Amino acid sequence: HKSKSNIFIKYYKNDNKNDNKNHKKKIKCPNIVELLDVSLEQLYNRERIVKQVSVNIICNHCHGIGITEKVKMCTNCKTFNIKNNSDSNSNSNSDSINNICNVCDSKDQIIRKECVCSKCKGSKVINRSIKFIFNLNPKMRQDKQILYLNKGNEFPHCERGNILFIVNEQSHQIFKRVNDNNLY
């Protein structure tokens, strides 16, 4: 009986360790929500409509780093040892004063303008327009949701977001909806 409980405990302990090491959950980028404005006439006639959505994607030139070359370490911070705001090894009050490097603003590195990615201008992402085509049908109703998984914004160290379209039925002078039917 003891061996069964030990195996049980060992199994779950190992399982938890593996979860913490290998399954670090990425942060999901926020979803993009777009209204899909359609008239009852468009639905009745089963029209095809095109909707353009602007999304951010990771820059393919710098691969989401924002720079194209290695940055240079700030020699001023290294020389004067002021890159940390406080020195934990020191007992002196004067060492704990917030010092800001006048060369790199205490970022520990200097990024020359020519090193910044020319495509994304250092923002790590570029804006793209994606075209979505919808084949309308009379069964589509107000507030119907159409979800495109992993087609939304993308940022470094984040899981790509989704795009959610919500049908927004526009009123029409001739066409009227009765239950699931369009009548005119």
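Look above for the structure.
The structure displayed is predicted, hence computed values, not measured ones.

**Structural notes on the sheet that holds strand S9 (residues 163–170)**
Logical step 1: Sheet architecture is open: 3 strands sit in the order S2-S9-S7, paired in mixed fashion. Of all the strands in the sheet, the pair left with one neighbour each is strand S2 (32–39) and strand S7 (145–148). Strand-to-strand twist in this sheet, taken as the mean axis angle between neighbours without regard to direction, amounts to 25 degrees.

**Re the packing of aromatic side chains**
Each aromatic ring pair is characterised by the separation of its centres together with the angle its planes make.
Logical step 1: Inspection of every chain in the model, using the stated rule, returns 6 aromatic pairs.
Logical step 2: Measuring from centroid to centroid gives 6.2 Å for Phe 134 and Tyr 148, while their planes differ by 80 degrees, and the two rings are edge-to-face. In this pair, Phe 134 sits in strand S6 (residues 125–135) while Tyr 148 sits in strand S7, placing the two residues 14 residues apart along the sequence.
Logical step 3: Between the aromatic rings of Tyr 148 and Phe 165, the centroid separation amounts to 5.9 Å while the plane-to-plane angle is 90 degrees, which identifies the pairing as edge-to-face. You can see Tyr 148 sitting in strand S7 and its partner Phe 165 sitting in strand S9, a full 17 residues away along the chain.
Logical step 4: Here a set of aromatic residues connected by ring pairs shows up, and it is made of Phe 132, Phe 134, Tyr 148 and Phe 165.

Calculation rules
- Residues numbered from 1 in each chain as written.
- Predicted model: local features only at pLDDT ≥ 70, side-chain atom pairs only at ≥ 80, totals over all residues.
- Heavy atoms only, no water.
- Pairing = 2+ DSSP bridges.
- Helix = DSSP H or I, 4+ residues; strand = E, 2+ residues; numbered from the N terminus.
- Axes fitted to C-alpha atoms, helices over the stretch in contact; angles between N-to-C directions.
- Phe/Tyr/Trp six-rings, centres within 6.5 Å; stacked < 30°, edge-to-face > 60°.

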